[in-house]
Amino acid sequence: MPVLFSGIACSSSSGVTADAAANADARTLADAPDDLAANDDVAVAVIADASPLTDVPLASILPVSYVGLSTAAGAIRVDDIRFAQQLQQVLIPTGAVLQLYDPSTQAVAVVTGFGTTDAGATGSAGLDASAADAGALDTGRSAASGTSSADQGQNLIYAIDKKLVAVDVVDPAAGMIVAQGILASAPDIVRAVPSAQEVWVTQPSDQRIEILSTALATPVHAGFAATPGGPEALVIDASRGHAYTNAATATLVVDIHTRGVVATWNNGCAGARGMTLDESHGILLVACAEGKIVALDLASNGTITSTIDLPSGLDLIEFSTELRHVYAPASGGTLSVVGVSVSGQLTLLGTGGGAPSAHSVAVDQQGHVYLVDGAKSRLAVFTDTYAATN
């Protein structure tokens, strides 16, 4: 359990002394993240009282509180955050470190060692210089070194390492990298496929998805899935045995077992970006960069059932199965909440202030919505107060 003092939650095993705790009252919340994050061994979470956002162009439409993130590895830029259902934590890949936010304790744990060949520091395997240099070829969402996408599979976390062109395996219980699988080319997004004991990694510069087997402790190459014109984003549909990804104006359906494209659907976008899935009702929701979300009916070969206009600059989006809401941050700093009926009809519930330059969003089962405000090195935690959509 973390020890909470003066709004700062630190792991009780992090070596925080009684003197440090006694002096905590003298610090401000603004000072705390940089102060504590200078020590890589300390996991830090800064908690602010829930209050409306006041530092974004639009007022927030939802109650929000903040959690300070570690800046020990430098400025924060986050491309892809996820809520790990089994772990019940938010996965926040921030380059040299992977940060794990636990909503139940309001603490942040930090896993180090990404973008480095120093095996002694992290437990990861070292790579030669040629593999590390290959990271410079990355044409994915972010040019930053280290990790920018992570997902949970069974009891482990799989996180890409752009600098080393690899997938690092993190044991969240141990808080460290325990293995590493080498990739063929620059990665963008990683998603676990537990039913197949695989992880799928998008490689946009080569218009393909690389598949690694996770049957053994160290992930190993198992094949490729060609994705002409893509892949942009990646969603796994375990119940149908499909993976979905985007090209600019089309959505590709890939068979998980054969790894071939079995359907190509017009998604109505000029520039398709992220996607999310209502798996139980067979509705795929696609975000268009120009500012709209499109609902596709899986049972009707991707027929468009509804479209809704939103602010431009959309990227990754997420769906709440409990509330039947989809959350769409835009690059201009807004957050839109859209209701999704069981028949695939979309209704705008509200658009307001989100987090500037947020590229992705995560949501848990309790109606909490997470965005990263990189400029202020913090996690914005919104509470969805809209009624569930039927």
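Residues numbered from 1 in each chain as written. Predicted model: local features only at pLDDT ≥ 70, side-chain atom pairs only at ≥ 80, totals over all residues. Heavy atoms only, no water.

To continue, consider the overall build of the protein chain. Each helix and strand counted, the protein chain has four helices and 31 strands in total. Put simply, the protein chain has 390 residues, and 56% of those count as buried. Accessible surface computed for the protein chain: about 14700 Å², of which carbon and sulfur atoms make up 51%. (Helix = DSSP H or I, 4+ residues; strand = E, 2+ residues; numbered from the N terminus. Buried < 20%, exposed > 50% of the residue type's maximum accessible area, 1.4 Å probe, protein only. Areas by Shrake-Rupley, 256 points an atom, 1.4 Å probe, with all protein chains shown as cover.)

All right, on to the sheet that holds strand β18 (residues 242–246) then. Adjacent strands of a sheet pair through backbone hydrogen bonds, lying either parallel or antiparallel. Pairing is antiparallel across the open sheet formed by four strands, whose spatial order is β17-β18-β19-β20. Two strands close off the open sheet at either side, each with one partner strand: β17 (232–237) and β20 (261–266). Pairwise comparison of adjacent strand axes, ignoring direction, gives a mean angle of 20° for this sheet. As paired elements, β17 and β18 share four bridges and run antiparallel to each other. Looking across to β18, one finds that V235 is bridged to Y244. (Pairing = 2+ DSSP bridges. Axes fitted to C-alpha atoms, helices over the stretch in contact; angles between N-to-C directions.)

Before going further, it helps to spend a moment on the pattern of salt bridges. Under the counting rule described, the total for this entry stands at nine salt bridges. R82 is paired through a salt bridge with E318; the nearest N and O atoms lie 3.6 Å apart. Within this pair, whereas R82 is found in strand β5 (residues 82–84), its partner E318 is found in strand β25 (residues 318–320), the two being separated by 236 residues in sequence. What makes R82 partly exposed here is its relative accessible area of 22%. Here the salt bridges share partners, and the residues they tie into one network are R82, D151 and E318. (Salt bridge = Lys/Arg side-chain N within 4 Å of Asp/Glu carboxyl O.)

As a further point, take the layout of surface pockets. The computed volume of the largest pocket comes to approximately 950 Å³. Along the wall of the largest pocket there are 40 residues; nearest its centre are R82, Q85, I236, E279 and E318. Going through the elements one at a time, β5, β9 (150–153), β13 (190–193), β17, β21 (272–278), β25 and β29 (362–363) are the ones with two or more residues in the lining of the largest pocket. Broken down by class, the residue content of the lining of the largest pocket amounts to 19 nonpolar, eleven polar and ten charged. (1 Å grid on protein atoms, 1.4 Å probe; cavity = no way out; pocket = protein on both sides within 12 Å on 5 of 7 lines; lining within 4 Å. Points joined across faces, edges and corners; volume = space filled by probe spheres on them. Nonpolar A, V, L, I, M, F, W, Y, C, P; charged D, E, K, R; others polar.)

This part takes up the sheet that holds β9. The strand order across the open sheet formed by four strands is β9-β10-β11-β12, and the pairing between neighbours is antiparallel. Every other strand in the sheet has two partners, leaving β9 and β12 (176–182) as the edge strands with one partner each. Within this sheet the neighbouring strands show an average axis-to-axis angle of 30°, counted without direction. Relative to β12, strand β11 (residues 166–171) runs antiparallel, the two being bridged by six bridges. By the bridge assignment for β12, D171 is matched with M176.

Quick look at the pairing of strand β16 (residues 220–226) now. Of the strand pairs in this sheet, strand β15 (residues 208–213) and β16 are connected by six bridges, and their pairing is antiparallel. Following the sheet pairing, I211 is matched in β16 by G223. The antiparallel hairpin formed by β15 and β16 contains six residues in its connecting segment.

Tracing the sequence through the fold places T147 in the loop between α4 (129–133) and β9. Polar contacts involving the side chain of T147 include one to the main-chain carbonyl oxygen of I160, which spans 2.8 Å. (Polar contact = N/O pair within 3.5 Å; in protein donor to acceptor, adjacent residues only side chain to side chain.)

For the rest of this paragraph, the subject is the environment of L285. Relative to the elements of secondary structure, L285 occurs in strand β22 (residues 283–288). Judged by its relative accessible area of 0%, L285 falls in the buried class. For the pair L285 and G274, spaced eleven residues apart in sequence, the C-alpha separation works out to 8.5 Å. The residues contacting L285, other than those within four sequence positions of it, are G274, M275, T276, I293, V294, A295, I317, F319, V326, V340 and L346. (Contact = heavy atoms within 4.5 Å.)

With omega at -5°, the peptide bond leading from G230 into P231 counts as cis. By the secondary structure assignment, P231 is in the loop between β16 and β17. If you check the backbone angles, Q207 has positive phi at about 50° while not being a glycine. With a relative accessible area of 41%, Q207 lands in the partly exposed category. You will see that N301, though not glycine, has its phi angle at about 55°, which is positive. You can see N301 is positioned in the loop between β23 (292–297) and β24 (303–309).

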